[in-house]
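Here's the letter readout for the chains.
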Amino acid sequence: MVFRSRIKWIALLVLILSVGSLLVHLSITKSSSVQLASYARGTLWQDFDSLLGSQDFRNKHLWRPVRSLETLQPYANPRTSYPAPSSTNNGYIYAKIFGGFDKIRSSICDLVTISRLLNATLIIPELQESLRSKGISNKFKSFSYLYDEEQFISFLKNDVIVAKTLPESLKAARKRNEFPLFKPKNSASTKFYLEDVLPKLKKAGVIGLVVSDGGCLQSTLPASMPELQRLRCRVAFHALQLRSEIQVLGKKMVDRLRRSGQPFLSYHPGLVRDKLAYHGCAELFQDLHSELIQYRRAQMIKQKFISEELIVDSHLRRDNGLCPLMPEEVGILLKALGYSQKAIIYLAGSEMFGGHRVLIPLRAMFPNLVDRTSLCSTEELSELVGPETPLPENTYEMPPRKSDKQLKEEWNKAGPRPRPLPPPTDRPIYQHEKEGWYGWLTENDTEPIPSPMDLRNQAHRLLWDALDFVVSVEADVFLPGFNNDGSGLPDFSSLVMGQRLYERPSSRTYRLDRKVIQELFNITREDMYHPNRNWTVRVREHLNSSLGESGLIRQSMLSKPRLFLSHPLPECSCRTSPLEESRQIRSDDGRFLYGGEDECPKWIKSAGVEKSKNDDGDQPDYEHDLLTEQSETEEEFAKSKVASAFDQDEEWDPND
């Protein structure tokens, strides 16, 4: 009995001690959680904001303007005798424009230039991408879906007469197709318009143009027509103002990106299905996406848009610079340059072929990767679109199942042996395989006609590209994934680069050579995440040199002959201080590749002086930083924060 009572007392004591210990731990936990919460509210968020806003001194040069280009200033005003347009002209020009945001912008500039060349009145162009969509908000009409009509008309009053519609007396004749209609190529010359189009314009009083190649006038005009090139600049950089709703939301997005006080980089991947199919880059993707590219390429061959084989070596094309840089490769380049993991990167582009899957490596390297959906609420994007008529949901109907008799008859009619094995037993096609714009691949060999919802989404892409255009032009740094692809068609990145070169020539815009970059990647492709010092230095040399003179020369040689707006120098700029003749470079035909700008008038010089006073003049140039980095010893380089990022950043390699 005594033994049992002792056991009970011991058990009771253990129970009391356990309860006491539990109460003590709970009180400690409660006090710790309160302190931790107050610490988080008062310290952690401040530290997070300060980390985003702070910049390592070694990395400041990655965001600074290029000092060697600060003497360039935008100047697209006429320089010679330039008479105003006369109300008694040769007639009217109306136009239909097919294509996305980049094609529309380039085509409008060409149409205004042609109207000036032919002394004709331009009717506001019709944007078919918005007109084809059913139920688009009646708040906007074609051109006004993207741009401000009143601004466009008023700004060009001294260049071209622009009217909203044809006179009532001519509308009926247009419906009956009584006026000549032309479908010019984007390489059409001024001679074609003066000799073939102008006589018919004078005779009929009205002509129509169908523009589907992203332009209707050659990029390089005769040397005697510099004012027409400057007119292109005035249209693109001044007259074509996005409608106010787009500008306001775009400005909000830029403000939100800079809210932490840190600069940001804009990156446009250029992963567009048509471009990938044109150049034969299918093997860079897998499974479904590769098949989609090949199907589109087969269509282009059938339409005689390209005259090549269906199956080509995509890796060879990539090595020749004909395929876009993949997001993973861009992330490695940015790491090699020294951009911090905390750097904010804005992802531009309404079409991302390959989906978010191809972005996984880049997001692992730079977690602060954002796009318009990250910066804008659903309500803000809906207000931008405006009120739209509801569309019926796409209802999917299974095709009728073939009977065993039909399958047997098809097998017997398959032709002489050897024949393929009989088809396997049909498995059910699940709903997730039918959804999405690619679902037709599971059951059909031909791509279906776009549904009303598909057409509406294409119209919405114009707005998303417009927002991305605003953000990319304002970005501290811009890096293109696939510009100047050689197809002769305008592209988003080239337009952004041209706009930045005109408005802020010294802004950091990388004009990299994809062929050189791929040669560098082939050296270290087996171990891209751990490159050696020499490889990193070579990448920096190429990318930093592309910011200045060598990059501009390359753009002038390769991009400008295909798209003038991508490189509007020297016609649309001036210099506050003249460039030495020894530094001016000309091509074999006498065209300026670098230099050749006129001296700026006094009012531009005075404005430039005031601006330079407000800027920090003590900041060293990026070239100075590059030379400093290259002069480091091997040991210093290994110890530096930037160089060791390849080995120290545990979150970089997505395969870990």
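Here we summarise the structure given alongside this text. (Residues numbered from 1 in each chain as written. Predicted model: local features only at pLDDT ≥ 70, side-chain atom pairs only at ≥ 80, totals over all residues. Heavy atoms only, no water.)

Between helix 12 (residues 327-337) and helix 21 (residues 533-545), the shortest axis-to-axis distance is 9 Å and the interhelical angle comes to 95°. Judged by the inter-axis angle, helix 12 sits roughly perpendicular to helix 21. Contact residues: Ile332, Leu333, Ala336 and Leu337 in helix 12; Trp535, Thr536, Val539, Arg540, Leu543 and Asn544 in helix 21. When grouped by side-chain class, the residues that make up the contact of helix 12 with helix 21 number seven nonpolar, two polar and one charged. (Axes fitted to C-alpha atoms, helices over the stretch in contact; angles between N-to-C directions. Helix = DSSP H or I, 4+ residues; strand = E, 2+ residues; numbered from the N terminus. Parallel < 35°, antiparallel > 145°, perpendicular 65-115°, else oblique. Contact = heavy atoms within 4.5 Å. Nonpolar A, V, L, I, M, F, W, Y, C, P; charged D, E, K, R; others polar.)

Strand order in the open sheet formed by five strands is 10-9-8-11-12, and the pairing between neighbours is parallel. With partners counted over all chains shown, the strands left at the sheet margins are strand 10 (369-370) and strand 12 (508-509), one partner each. Two strands pair when backbone bridges link them, and strand 8 (residues 264-268) and strand 11 (residues 477-480) are joined in this way by four bridges, in the parallel orientation. Across the sheet, the residue bridging to histidine 268 is proline 480, located in strand 11. Sheet strands in contact with helix 12 are strand 8, strand 9 (344-347) and strand 11, and its direction is about 150° off that of strand 8. Packing against the sheet, helix 19 (residues 492-503) makes contact with strand 8, strand 11 and strand 12, and its axis sits at approximately 150° to strand 11. (Pairing = 2+ DSSP bridges.)

Strand order in the open sheet formed by three strands is 1-13-16, and the pairing between neighbours is mixed. Strands at the two margins of the open sheet, each flanked by one partner only, are strand 1 (72-74) and strand 16 (598-599). Where strand 13 (residues 573-575) and strand 16 come together, two bridges link them in parallel fashion. By the bridge assignment for strand 16, cysteine 574 is matched with aspartate 598.

All right, on to a nonpolar patch on the surface then. On the surface, Trp9, Leu12, Leu15, Ile16, Val19, Leu22, Leu23 and Leu26 cluster together into a nonpolar patch covering about 850 Å² of accessible area. Tracing the sequence through the fold places isoleucine 16 in helix 1 (residues 2-53). (Patch = residues over 30% accessible without salt bridge, like charges linked within 9 Å, V, L, I, M, F, W, Y side chains within 5 Å. Areas by Shrake-Rupley, 256 points an atom, 1.4 Å probe, with all protein chains shown as cover. Salt bridge = Lys/Arg side-chain N within 4 Å of Asp/Glu carboxyl O.)

The full count for this structure, using the stated rule, is three disulfides. Note that cysteine 233 is cross-linked by a disulfide to cysteine 572, the S-S spacing being 1.9 Å. Its S-S torsion of about 85° marks the bond between cysteine 233 and cysteine 572 as right-handed, since a negative value means left-handed. Taken together, the positions of cysteine 233 in helix 7 (residues 226-239) and cysteine 572 in the loop between helix 22 (549-558) and strand 13 put the pair 339 residues apart, joining distant regions of the chain. An identical accessibility class is assigned to cysteine 233 and cysteine 572; each is buried. The partner cysteine of cysteine 574 in its disulfide is cysteine 600, sulfur to sulfur 2.0 Å. With the S-S dihedral at roughly 95°, the linkage between cysteine 574 and cysteine 600 falls on the right-handed side. Here cysteine 574, found in strand 13, pairs with cysteine 600, found in the loop between strand 16 and helix 23 (602-614); they are 26 residues apart in sequence, far enough to count as distant. In this structure cysteine 574 comes out as buried when scored by relative accessible area, which is 0%. Among the cysteines around cysteine 109, which has no disulfide bond, cysteine 233 carries the closest sulfur, lying 8.5 Å off. (Disulfide = S-S within 2.5 Å. Buried < 20%, exposed > 50% of the residue type's maximum accessible area, 1.4 Å probe, protein only.)

Let us look at the pairing of strand 7 (residues 206-211). Judged by how many residues are buried, strand 7 sits mostly within the fold: six of six residues are covered. In strand 7, alternate side chains face the same way, and those of Val206, Gly208 and Val210 on one face and Ile207, Leu209 and Val211 on the other are all buried. Bridge count for strand 2 (residues 92-97) against strand 7 is six bridges, and the pairing is parallel. Bridging across to strand 7, alanine 95 finds its partner in leucine 209.

Turning our eyes to something else, we now look at the nonpolar core. In terms of nonpolar packing, the biggest core is built from 87 residues, with Leu146 and Phe152 touching the most fellow members. The element that contributes the greatest number of residues to this core is helix 18 (residues 452-474), accounting for ten residues. No fewer than three residues from each of domain 1 (90-240) and domain 2 (243-270 + 323-382 + 451-565) sit in this core. The contacts of phenylalanine 152, once residues within four sequence positions are left out, are Ile108, Val112, Ile124, Phe143, Val162, Val235, Ala239 and Leu240. Formed by 58 residues, the second largest nonpolar core is a distinct cluster that contains Ile332, Leu512, Leu543 and Leu569. (Core = buried A, V, L, I, M, F, W, Y, C linked by side-chain atoms within 4.5 Å. Domains from an automatic or database assignment.)

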